[in-house]
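Topology and contacts: notes
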Amino acid sequence: NNIDTVALQAALNNGSYNPFATAPASETVLRAILPSAFDRNRSRLTEYTLRLDGPLFDLPAGEVKAAFGASYMKLSQWRSAIGVKATSDVPLAEASRNIKAAYGEVYVPLVGEDMGVPAMQRLVVNLALRTEDYSDAGSTTNPKIGLTWDVTDGVSLRGAWGKSFRAPNLIENNPIFFSRVSLITLSNLSGDPAIGLTNAVTNQTNVLNVAGSNADLVPETARNYSFGIDIDPSLIEGFRLSATYYNVKYKNQILGLQGFGASYLASAANRALYAPYITPAIQPATCVNGNRSTYNPLYLPALGRPTVATIDESNMCSARAITYTQNTNAANVLQDGIDVQTSYRFATGASEWTLSGSLTKILRNRTQIVAGGPVIDGRDIMNYPVSLRGRGSITWKHGPVTVQPALNYVGSYTNNLPITVAGVTQPVKTVPAWTTFDLTVGVDLEWIGTGWARGLDLNLNVRNLTDKDPPVVLSANGNAFDAQNANPYGTIATAQITKRF
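Every chain is numbered independently, its residues counted from 1 as its sequence is written. Only residues with pLDDT of at least 70 get local features here, since the model is predicted, and only at 80 or more are side-chain atom pairs given and counted; chain-wide, interface and lining totals rely on the full set of residues. Only hydrogens and water are set aside; all other atoms, that is, all heavy atoms of the structure, feed into the side-chain values.

**Let's talk about the overall build of the protein chain**
Rules: The secondary structure listing takes helices from DSSP runs of H or I that are at least 4 residues long and strands from runs of E that are at least 2 residues long, numbered from the N terminus. Here the term buried applies to any residue with accessible area under 20% of the maximum for its type, exposed to any over 50%, and partly exposed to those in between, with areas from a 1.4 Å probe on protein chains only. Accessible surface area values rest on a Shrake-Rupley calculation with a 1.4 Å probe, where residue burial reflects the displayed protein chains alone.
When helices and strands are counted, the protein chain shows 5 helices and 26 strands. Reported as C-alpha extents along the three principal axes, the dimensions of the protein chain are approximately 90 × 55 × 50 Å. Across the 501 residues of the protein chain, 34% fall into the buried class. Counting only carbon and sulfur atoms, one obtains 58% of the accessible surface of the protein chain, whose full area is about 27500 Å².

**So, the packing of aromatic side chains**
For any pair of aromatic rings, the description consists of the separation of the ring centres together with the inter-plane angle of the planes. Rules: Each pair of aromatic rings taken from Phe, Tyr and Trp, with Trp reduced to its six-membered ring, is defined by centres within 6.5 Å and is described as stacked if the planes are under 30 degrees apart, edge-to-face if over 60, and tilted in the remaining cases.
Evaluated as defined, the whole model comprises 9 aromatic pairs. Ring centres of Phe260 and Tyr384 lie 5.5 Å apart, and the angle between their planes is 80 degrees; on these two criteria the pair is classed as edge-to-face. Pair noted here: Phe260 is in helix H3 (residues 258-261) and Tyr384 is in the loop between strand S17 (376-377) and strand S18 (388-398), with a separation of 124 residues, a long-range link. The residues Phe260 and Tyr384 share a single accessibility class, namely buried.

**Points about the pairing of strand S25 (residues 456-463)**
In summary, the side chains of a regular strand alternate between the two faces of the sheet. Rule in force here: DSSP-based pairing: two strands are paired if at least 2 bridges between them are found.
The pairing of strand S24 (residues 434-444) with S25 spans 6 bridges and is classified as antiparallel. Its bridge partner lying in S25, Leu439 is registered against Val462. In this structure, S25 lies alongside strand S26 (residues 492-499), joined through 8 bridges in antiparallel fashion. Residue pairing in the sheet places Asn459 in a bridge with Gln496 of S26.

**Focus on the pattern of salt bridges**
Side-chain pairing between opposite charges can occur once the charged atoms of the two side chains come close. Stated precisely, the cut-off is as follows: The working definition used for a salt bridge is a side-chain nitrogen of Lys or Arg within 4 Å of a carboxyl oxygen of Asp or Glu.
Applying the stated criterion across every chain yields a total of 14 salt bridges. The salt bridge involving Asp230 is made with Arg158; its shortest N-O contact spans 2.8 Å. Highlighted residues: Asp230 in strand S9 (residues 220-231) and Arg158 in strand S6 (residues 155-166), separated in sequence by 72 residues. Residues Arg240 and Asp232 are paired through a salt bridge, measuring 3.7 Å at the closest nitrogen-oxygen approach. Each of the salt bridges in this network shares a partner with another, and the network as a whole consists of Arg166, Glu172 and Glu220.

**Re the nonpolar core**
The following threshold applies: In this text, buried Ala, Val, Leu, Ile, Met, Phe, Trp, Tyr and Cys residues form a nonpolar core when linked through side-chain atoms within 4.5 Å. Only heavy atoms enter the contact rule, under which two residues are in contact if any of them lie within 4.5 Å.
With 19 residues, the main nonpolar core has Tyr264, Tyr274, Tyr277 and Ile369 as its most contacted residues. Excluding anything up to four places from it in sequence, Ile369 contacts Leu255, Leu273, Tyr277, Asn329, Ala330, Ala331 and Tyr384. Counting residues in each nonpolar core, the second largest holds 14 residues, with Cys287, Tyr299, Ile311 and Met316 among its members.

**Structural notes on the sheet that holds strand S12 (residues 278-280)**
Note the following rule: Helix axes use the C-alpha atoms of the stretch in contact, all axes being lines fitted to C-alpha atoms, and the angles between their N-to-C directions lie in the range 0 to 180 degrees.
Reading across from one edge, S7-S8-S13-S12 is the order of the 4 strands in this open sheet, with mixed pairing throughout. Both edges of this open sheet fall to strand S7 (179-187) and S12, since each of them pairs with a single strand only. Between one strand axis and the next, the sheet turns by 25 degrees as a mean value, whatever way the strands run.

**A short note on empty space enclosed by the protein**
Put simply, the rule is: Computed over the protein atoms alone on a 1 Å grid, cavities are sets of points where a 1.4 Å probe fits but cannot get out and pockets are open sets with protein on both sides within 12 Å along at least five of seven lines; a residue lines them when it has an atom within 4 Å of a point. Grid points are joined across faces, edges and corners, and a volume is the space filled by probe spheres set on the points.
Throughout the structure, instances matching the rule amount to 1 cavity of 30 Å³ or more. Counted as a void, the largest cavity has a volume near 40 Å³. Forming the boundary of the largest cavity are Val410, Gly411, Tyr413, Pro432, Ala433, Trp434, Pro471, Asn485 and Ala486.

**A short note on the state of the cysteines**
Where we set the bar: Disulfides are defined as cysteine sulfur pairs within 2.5 Å.
If you walk through the whole model with that rule in mind, you get 1 disulfide. The disulfide partner of Cys287 is Cys317, and the gap between their sulfur atoms is 2.0 Å. Measuring the twist about the S-S bond at about -85 degrees, one finds the Cys287-Cys317 disulfide to be left-handed. Here Cys287 is found in the loop between S12 and helix H5 (299-303), whereas its partner Cys317 is found in the loop between H5 and strand S13 (321-324), with 30 residues between them in sequence. Taking the relative accessible area as the measure of exposure, Cys287 reaches 15% and is therefore buried.

**A word on the environment of Gly238**
Note on placement: Gly238 falls in the loop between S9 and strand S10 (239-251). Between the C-alpha atom of Gly238 and that of Ala347, which follows or precedes it by 109 residues, the distance is 9.8 Å. Setting aside anything within four residues of it in sequence, one finds Gly238 in contact with Ser343, Tyr344 and Arg345.

**Here's the deal with a nonpolar patch on the surface**
Applied cut-off: Surface patches are drawn from residues lacking salt bridges whose relative accessible area is over 30%; two like charges belong together within 9 Å, two nonpolar side chains (Val, Leu, Ile, Met, Phe, Trp, Tyr) within 5 Å.
Where nonpolar side chains cluster on the molecular surface, the patch consists of Leu127, Ile145, Trp161, Tyr225 and Phe227 and spans about 450 Å² of accessible area. Of note, Tyr225 is situated in strand S9.

**Considering the side chain of Asn270**
Along the chain, Asn270 turns up in helix H4 (residues 268-273). Note on Asn270: relative accessible area 15%, which makes it buried. Those residues in contact with Asn270 that sit more than four places away from it in its chain are Ser263, Tyr264 and Leu417.

**Overview of unusual backbone geometry**
In this model, Asn252 sits at a positive phi of 60 degrees, which is unusual for a non-glycine residue. Here Asn252 lies in the loop between S10 and strand S11 (254-256). A positive phi angle, near 60 degrees, is found at Asp467, a position not held by glycine. Relative to the assigned elements, Asp467 resides in the loop between S25 and S26. The class of Asp467 is partly exposed, set by a relative accessible area of 44%.

**Section: the environment of Asp339**
Topologically, Asp339 is positioned in strand S15 (residues 332-348). Sequence separation between Asp339 and Val472 is 133 residues, and the spatial gap between their C-alpha atoms is 28 Å. Setting aside residues up to four positions removed in sequence, Asp339 forms contacts with Ser242, Ala243, Thr244, Tyr246, Leu359 and Thr360.

**With respect to the pairing of strand S3 (residues 93-111)**
Sheet topology places strand S2 (residues 62-79) next to S3; 15 bridges connect them, and they run antiparallel. From the neighbouring strand, Ser76 faces S3, where its bridge partner is Ser96. Looking at chain direction, S3 and strand S4 (residues 122-134) are connected through 12 bridges and run antiparallel. In the sheet register, Gly104 faces S4, and the bridge partner there is Leu129.

**Quick word on the environment of Asn332**
The residue Asn332 is located in strand S15 in this model. Taking the C-alpha atoms as reference points, Asn332 and Phe165, 167 residues apart in sequence, are found 14 Å from one another. Not counting chain neighbours up to four residues away, the residues in contact with Asn332 comprise Lys249, Tyr250, Lys251, Arg366, Thr367 and Gln368.

Structure below.
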């Protein structure tokens, strides 16, 4: 996002930059639109661990095993420059954290195959507990319980329940590492007179937006459980099928609101939903651009925040509100769904084949952005997950050569944040599914027979083999495509060399 939007708009207005021209823009115009920036960033992780594991004693069903351990981890983050080339190692931002942890896990076989229990060849319980102490985020203790039940040959049932904890990382909660304060323009169909319109013809409003890291973040926690079935039938050699239902409930989930910000004022419902992140602040008639003493005082805390780019205040008197799109803690999120994976391996002559596929279906994604606010079933609409995704592949292996074509599928969804053109909001539309093809080719050079070739592999990976464009999505997010579900890069090829010793 290293674009000077004010300079871009000025160049569009005076005609010095025409995005539809076939001739390239001048270097002078490009330098104004794309200012140079140079950052030096460094992160460091140091960890010491101690682990003890092995059998404890025997039960009729088998060995009881255990693992115990402890660890000490130190993380640090450092940044030396913002917006200009660094001339020294004097940091502009730095932060660190240490984490002390201890854990234990016990594997307990309750039923074994030799015990003759009907419809139960094996029953195993796993019990685990992990405790952590963060130097800056408090302490947490999280349990996990797992159960595996082998019903008969080739059929196994499993289930798990647990809790988890994630502290915001050192960048997410440190505005000095990344924070952007800028005047932006939003489509405004909220009908809120406390904000009003900057341009009544186009239904647009200028707001001061605060994006990036947030020092007020708290850790997110989750409760999760799952159960599934694994099928590996002896009657169909090489066939495997796994299906899992999962259910995860987050509390204080850390979300980046950048993708939501463009829709804050898109409707009266959105204005109410995102109310905690919108502060109406119409500028007084005596406002003078660039003179903060004449601004509505509500703007001063936001203007005093760290920012990665100089704030352009040449049109600040047109601002009518402050919006906050930095990282935040959502009140509650509950997601459940089904994961299915299957594969079938077989041979024809000297060739080995594997047919495989995976499918994920999100059943619910109930999101409550703020405590007491409405609950949204965030599936298959802008800024929320697409509920259906899948991948299928065919792998052919013949001697040292492996070839794998694959198909990727992202389901259709609704663009419920259409753009506004000349004051008219475009109709809500369905974004079509996006299907792309990949190709992987690998060669194991060990067949050459010389010493240097042993353990040497060459691989070529091609993503989006047919160079298929992403679906066009004209939304209030501001792009002509949806970056959360597609990319504009076309065919991407990567080569990899691996040497095993």
